[in-house]
Amino acid sequence: MACGAVSGGTTLRPRPPVKGRGVFSGTGLIVTCLAATLAAPAFPLWSYTDQPEAAPNALSAHILQTSHGPLSALDQDFLTKERPAGLWELPAGRQAQAKGTMPAVRTAGRHLVEGHRFLGERVRDVAARLGLPLPDEPSEQQKQRLDRLDAAQGEDYDREFATIPRLAHGKVFPVVAQVRASTRNSPVRELADEANTTALDHIKVLETTGHVDFDALAGGSAPPAAGPGTVVPPPSSPSPDYTLPPPAYSPPPDQNGTSRTDNTPSGL
């Protein structure tokens, strides 16, 4: 029997389309897909219009807006690390003035006291203006450096004192330069100038002692307890009374309106 016929000679006709299924026809399906494609780009825009502001990207996630300009994550890190640096280097400088066996070491200790007393005042002032909390004690690593200096005696002390702070200053020096080059915050920029001047002075005066272990500097760690590495003789030009360079900015005045010139740390 033919497929288009039934018994009795009746021919089957195709069924008409069911009402309501037009959207599923070939043309309707194409039109529906095109409409969905055109509407898709608008969905993300609509879906976020009533949502909280999206989180900033990684580069600006930690930027704080201040009246003195934006305070970047690097700026904040600089301020919070400059403070504890002074909390160990200033007492180390005082100790060198008492324990150093040669005038150049005692002079280097005086430089550390003067430099970090001044920077300590400045960093506290800048942080207060910017509303940034600061640590109030050295890090564990910095405490270990002080312990090591406490244990050293005689010429071993001179070598330890010359090398350990010199290693620390060598690491912070390029960071300060990066802050100075990139910051958009005016108080941080001024502080970076002062920290840069102070760090360079400390590097020079520590090297003037002739006890810096440059093998240890190249390895990025403090020298071993037994025996010095490669030391460089001090240059002949600086005397043991090598004077402090003028600071980039004048120290803040005390309550009587005069600049502080003593060695007493403020608030330490």
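A quick note: this is a predicted structure, and the numbers were derived from the prediction, not measured.

Student: Mind showing me how you'd approach the pattern of salt bridges here?
Tutor: Oppositely charged side chains may form a pair once their charged atoms are brought near each other. Scanning all chains against the criterion turns up 11 salt bridges. For Asp125, the salt bridge goes to Arg122, with nearest N and O atoms at 3.4 Å. Pair noted here: Asp125 and Arg122 are both in helix H4 (residues 103-130), with a separation of three residues, about one helical turn. The shortest N-O distance in the salt bridge between Glu140 and Lys143 comes to 3.6 Å. Here Lys143 and Glu140 lie together in helix H5 (residues 140-151), a separation of three residues that amounts to about one turn. Relative accessible area serves as the criterion here: at 28%, Lys143 is assigned to the partly exposed category. Through salt bridges with shared partners, one network takes in Arg122, Asp125, Arg129, Glu190 and Glu194.

Student: Got a minute to help me understand the packing of aromatic side chains in this structure?
Tutor: Any aromatic ring pair is given by two values, namely how distant the centres are and how the planes are angled relative to each other. In total, this model carries one aromatic pair according to the counting rule given. Where Tyr157 meets Phe161, the ring centres are 6.1 Å apart and the plane angle is 10 degrees; that geometry is what we call stacked. Taken together, the positions of Tyr157 and Phe161, both in helix H6 (residues 154-182) and four residues apart, correspond to about one turn of that helix. No difference in accessibility class separates Tyr157 from Phe161, as the two residues are buried.

Student: Help me understand the confidence of the model for the protein chain, please; the structure alone is not making it clear to me.
Tutor: Any region with low pLDDT has predicted coordinates that should not be read closely. Looking at the protein chain as a whole, its pLDDT mean stands at 75, while 59% of the residues score no less than 70. Taken together, the stretch residues 1-7 has pLDDT below 50 and engages in nine contacts with residues farther than four places along the chain or on a different chain. Taken as a whole, residues 226-268 scores under 50 in pLDDT and shows 85 contacts with residues more than four places along the chain or in a different chain.

Student: It is not clear to me how the packing of helix H3 (residues 73-99) against helix H7 (residues 186-208) should be interpreted in this structure. Could you clarify?
Tutor: To characterise two packed helices, one gives the angle between the axes of the helices and the distance between these axes. One can describe the packing of H3 onto H7 by two numbers: an axis separation of 12 Å at closest approach and a directional angle of 40 degrees. By the criterion of interaxial angle, the relationship of H3 to H7 is oblique. Taken as a pair, H3 and H7 cross one another with a handedness that is left-handed. Together, Asp75, Phe78, Leu79, Glu82 and Glu89 of H3 and Val188, Leu191, Ala192, Ala195 and His202 of H7 make up the contact between the two elements. Among the residues forming the contact of H3 with H7, the class breakdown is six nonpolar, one polar and three charged.

Rules used throughout
Residues numbered from 1 in each chain as written. Predicted model: local features only at pLDDT ≥ 70, side-chain atom pairs only at ≥ 80, totals over all residues. Heavy atoms only, no water. Salt bridge = Lys/Arg side-chain N within 4 Å of Asp/Glu carboxyl O. Helix = DSSP H or I, 4+ residues; strand = E, 2+ residues; numbered from the N terminus. Buried < 20%, exposed > 50% of the residue type's maximum accessible area, 1.4 Å probe, protein only. Phe/Tyr/Trp six-rings, centres within 6.5 Å; stacked < 30°, edge-to-face > 60°. pLDDT = per-residue confidence, 0-100. Contact = heavy atoms within 4.5 Å. Axes fitted to C-alpha atoms, helices over the stretch in contact; angles between N-to-C directions. Parallel < 35°, antiparallel > 145°, perpendicular 65-115°, else oblique. Left-handed = near helix turned anticlockwise from the far one by under 90°. Nonpolar A, V, L, I, M, F, W, Y, C, P; charged D, E, K, R; others polar.

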